[in-house]
Amino acid sequence: MRRGPVPLALTYVAAMLLFFRKVIASGFDQGFSDRADGIIEISILEHWRNVLAGASTWNVTNYFHPYPATLGYNDGYFLYGVVYAFWRLVADPFLADTLNIATFKTIGFLAAYALVARALRWGRGAGLLVAFLFTNANGLMVQAGHAQLQSIALLPVAMLLGVAVASAEREGRRTAACCAAAGLALLLAAWLFTAFYMAWFTIFFGAIFALCWVVMSGQWRPMALLRVVVRHNAVLEVGGIVFAIAAIPFLSVYLPKARETGGQAYQAVLPYLVLPLDPVNVGAANYVWGWLVRLLGDAMPEGEHGTGIPLLLFVLAIVAMWQVVVRRRAVGGDAVDAGFRAFAAAILLCWLLTIRVGSVSAWALVYDLVPGAKGMRVVLRFQLFLILPVLLLVIGAWRRCARDWAGRRPVLLAGILALLIAEQFGSDVPVQVSRTQDGAALWSLPPPPKDCRSFYVVSARRDAPLYIDAERTALYPHNVDAMLLAEHWRLPTINGFSTFNPPDWNFADPAAANYDSRIATYAVRHSLSKVCRLDARSPQVWRFLR
């Protein structure tokens, strides 16, 4: 065996074992996410399995019955669903969900390595370091409960295609450039239909990068810009046409829902913008920097705010930005081209756009002016997108200096590398979905009556503990269990809970005395008949709505 693949294989195994350490320790009983988000995600994945089996319409889920195009109330999970359907051939829904995440983590690791080591030609060692840190980035681990965010694994694939387009155009290989552009367009369209946040961030960052490049390369004057467009017209046309066609399923589902719901109100977005210290907020559970987060208290909130870049990596990135953008040189003194300067400037500009001081943020302009921005509430997740760009910036700006230290100061270099790795880890790994507990509770239920045309849930579990607090217990458990059961039984339910809910959704608090009457009102309004009631805690588990 050649020596080359061995370090790659060993690094990959180490990265995956560390990311999935709690899953493995549970004997693959526990999976990422929790009682609510995890079940919602698996429900949508089961929807795609049903679609591929010919049992469901692609844009209509078995929940929120009888509304049309109900897939549009949440992320579509299209690419996830295709991979998940394959794993469901050999695994139950909960294990298949974990294997789906493992598949995308593998894609991200290998693509990040190929991007750095081969496409950018920065060396194998740099490629291994970026792939490892990208796979086990602190923010991605803390937010692993939101499975859609792990689709960031597709970012290095998109970058590989982008580099391929640029290289082929530079070398005059027009056909290869057009093929790569078409591939990038297909990927972005499918990604939008899978996980909107990360795909939108990728497109937005690409637009900011292009704007920075136009300015820093001196191509901003109208005639110069026109010459650039004409020179690359074939690639732009192919990419644009392919994307316009490939995005039709996404647009057909989400544009009507955007008009129906109006998107996220800016007041709902405001608490989820980046606070001044959030760029280094890695959460109180981080092994290296958690003490600093705890010391600063309210200045570094927990939850979604813990998506920052670990402190050493952040400092290296700030120095790199200064050197590249202002001094136009890498840390070792080498001159950098306009493309790398634009890349560094785009990172800085995007970060600044997301920051909120008091109630003031430049994101208000993005929210009002950029298509799709109103679909996102947790803008803090942009920091997760920036993980790979920051890693590439640091490696690109510091690599000559690192080579010098490898020869003259190996101990210093080893210490820096060790800290870069160590500062990514913490104890906050959200694995709270259980195959034996959640799966056993749901699969043990008797099937619906034969004449049942749709159903609703009071309680799907005989013993249902409190979910976080009373308010969220009234919203989530019965609704999300109904979603998964509906896909499992291939029988529609009127229940459901999502990023957005239908206009007359009123299915919270199943313990309230008027819950059944609310259901009855909904059934009459939508002309539903033979609606069944499921209450696992009742002696009569199933009965028809009267």
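Check the entry above for the structure.
Worth saying up front: this structure is predicted, and the values here are computed from it rather than measured.

(A) Seen up close, the overall build of the protein. Each helix and strand in the protein was counted, giving 25 helices and seven strands. For 546 residues, the compact-globule estimate of 2.2 N^0.38 gives 24 Å, and the protein sits close to it at 25 Å. Considered along the principal axes of its C-alpha atoms, the protein spans approximately 80 × 55 × 50 Å. Within the protein, residue pairs in contact and separated by at least 24 positions form 75% of the contacts whose partners lie at least 6 positions apart. Here the protein has roughly 23500 Å² of accessible surface; of this, 64% comes from carbon and sulfur atoms. Charged side chains of the protein number 47 positive and 33 negative; the gap between the two group centres comes to 9 Å.

(B) Local environment of the environment of Val-541. Topologically, Val-541 is positioned in the loop between strand E6 (531-535) and strand E7 (542-544). If we skip the residues at most four places from it in the chain, Val-541 touches Pro-446, Arg-533, Leu-534, Asp-535 and Ala-536.

(C) Region of the structure containing the packing of aromatic side chains. All chains considered together, the criterion is met by 43 aromatic pairs. With centroids separated by 5.5 Å and ring planes inclined at 65 degrees, the aromatic side chains of Phe-382 and Phe-385 adopt a geometry described as edge-to-face. Pair noted here: Phe-382 and Phe-385 are both in helix H19 (residues 382-385), with a separation of three residues, about one helical turn. By the ring-pair criterion, three or more aromatic residues cluster together here, those being Trp-122, Tyr-197, Trp-200, Phe-201, Phe-204, Phe-205, Phe-340, Phe-343, Trp-363, Phe-382 and Phe-385. Sitting above the plane of the Phe-19 ring, Lys-105 keeps its charged end 4.0 Å from the centroid.

(D) Just unusual backbone geometry, in detail. Between His-65 and Pro-66 the backbone carries a cis peptide bond, its omega angle lying at 5 degrees. Backbone geometry places Ser-33, a non-glycine residue, at a positive phi of 85 degrees. Of the residues examined, Ser-33 reaches a relative accessible area of 4% and is grouped as buried.

(E) Just the pattern of salt bridges, in detail. Within the structure shown, the criterion is met by 17 salt bridges. For the salt bridge of Arg-461 with Asp-481, the shortest nitrogen-to-oxygen distance reads 3.0 Å. Pair noted here: Arg-461 is in the loop between strand E5 (454-459) and helix H23 (470-475) and Asp-481 is in helix H24 (residues 477-489), with a separation of 20 residues, a long-range link. For Asp-481, a relative accessible area of 1% corresponds to the buried category. Via salt bridges that share partners, Asp-516, Arg-533, Asp-535, Arg-537 and Arg-543 belong to a single interconnected network.

(F) Here's a closer look at the sheet that holds E5. Strands sit in the order E5-E6-E7 across an open sheet of three strands; the sheet is mixed. Edge strands, defined here as strands with exactly one partner in the open sheet, are E5 and E7. Averaged over all pairs of adjacent strands, the angle between strand axes in this sheet comes to 25 degrees, irrespective of strand direction. Bridge analysis of E6 against E7 gives three bridges, and the strand direction is antiparallel. Paired with Arg-533 across the bridge in E7 is Arg-543. In the packing of H24 onto the sheet, the strands contacted are E5, E6 and E7, and the crossing angle to E5 comes to about 140 degrees.

(G) Representation of the pairing of E5 in the model. Taken across its six residues, E5 has six buried, putting it largely inside the fold. In this structure, E5 lies alongside E6, joined through five bridges in parallel fashion. The residue bridging Phe-455 from the neighbouring strand is Cys-532, located in E6.

(H) Structural view of the environment of Pro-66. When you line up the elements, Pro-66 lands in the loop between helix H3 (37-52) and helix H4 (78-87). In the structure, Pro-66 is positioned 460 residues away from His-526 in sequence and 7.4 Å away in space, judged by C-alpha atoms. Ignoring any residue separated from it by four or fewer positions in sequence, one finds Pro-66 in contact with Tyr-522, His-526 and Leu-528.

(I) Highlighting the side chain of Thr-135. Among the secondary structure elements, Thr-135 is positioned in helix H6 (residues 124-135). With a relative accessible area of 2%, Thr-135 lands in the buried category. At 2.7 Å, the side chain of Thr-135 forms a polar contact with the backbone oxygen of Ala-131.

(J) Looking closely at a nonpolar patch on the surface. On the surface, Val-13, Leu-17, Ile-24 and Phe-28 cluster together to form a nonpolar patch covering roughly 320 Å² of accessible area. Checked against the element boundaries, Val-13 lands in helix H1 (residues 5-19).

(K) Geometry of the state of the cysteines. Tallied over the full model, the rule gives one disulfide. The structure places no disulfide on Cys-178, whose sulfur is separated from the nearest cysteine sulfur, that of Cys-179, by 7.1 Å. Of all cysteine sulfurs in the structure, the one in Cys-212 sits closest to Cys-350, which takes part in no disulfide; the separation is 7.7 Å. Using a relative accessible area of 0% as the deciding quantity, one classes Cys-350 as buried.

(L) Layout of the nonpolar core. In this structure, Trp-363 and Phe-455 are the most contacted members of the largest nonpolar core, which totals 174 residues. Every residue in contact with Phe-455, bar those within four places of it in the chain, is listed here: Ala-482, Leu-485, Ala-486, Trp-489, Leu-491, Pro-492, Thr-493, Ile-494, Val-531, Cys-532 and Trp-542. If you look at the next biggest cluster of nonpolar residues, it comprises eight residues, including Ala-168, Cys-178, Ala-180 and Val-235.

(M) Expanded view of helix H22 (residues 435-443). Regarding H22, the residues found buried are Asp-438, Gly-439 and Leu-442. Taken down its axis, H22 places every buried residue within 90 degrees of arc, on the same side. Seen from the buried face of H22, the exposed residues on the opposite side, beyond 90 degrees, are Thr-436 and Gln-437. Buried residues along H22 sit against helix H5 (93-119), strand E4 (431-434) and H24.

(N) A look at the environment of Leu-313. Summarising the element assignment, Leu-313 is placed in helix H16 (residues 311-326). Along the primary structure Leu-313 and Leu-391 are separated by 78 residues, whereas in three dimensions their C-alpha atoms are 7.9 Å apart.

(O) Just the side chain of Thr-106, in detail. Positionally, Thr-106 belongs in helix H5. Setting aside its immediate chain neighbours within four residues, Thr-106 contacts Tyr-12 and Met-16.

Calculation criteria
Residues numbered from 1 in each chain as written. Predicted model: local features only at pLDDT ≥ 70, side-chain atom pairs only at ≥ 80, totals over all residues. Heavy atoms only, no water. Helix = DSSP H or I, 4+ residues; strand = E, 2+ residues; numbered from the N terminus. Rg over C-alpha atoms; globule rule 2.2 N^0.38 Å. Contact = heavy atoms within 4.5 Å. Areas by Shrake-Rupley, 256 points an atom, 1.4 Å probe, with all protein chains shown as cover. Lys, Arg positive; Asp, Glu negative; His and termini not counted. Charge placed at Lys NZ, Arg CZ, Asp CG, Glu CD. Phe/Tyr/Trp six-rings, centres within 6.5 Å; stacked < 30°, edge-to-face > 60°. Lys NZ or Arg CZ within 6 Å of the ring centre and 35° of its normal. Buried < 20%, exposed > 50% of the residue type's maximum accessible area, 1.4 Å probe, protein only. Salt bridge = Lys/Arg side-chain N within 4 Å of Asp/Glu carboxyl O. Pairing = 2+ DSSP bridges. Axes fitted to C-alpha atoms, helices over the stretch in contact; angles between N-to-C directions. Polar contact = N/O pair within 3.5 Å; in protein donor to acceptor, adjacent residues only side chain to side chain. Patch = residues over 30% accessible without salt bridge, like charges linked within 9 Å, V, L, I, M, F, W, Y side chains within 5 Å. Disulfide = S-S within 2.5 Å. Core = buried A, V, L, I, M, F, W, Y, C linked by side-chain atoms within 4.5 Å. Arc of directions from axis to C-beta.

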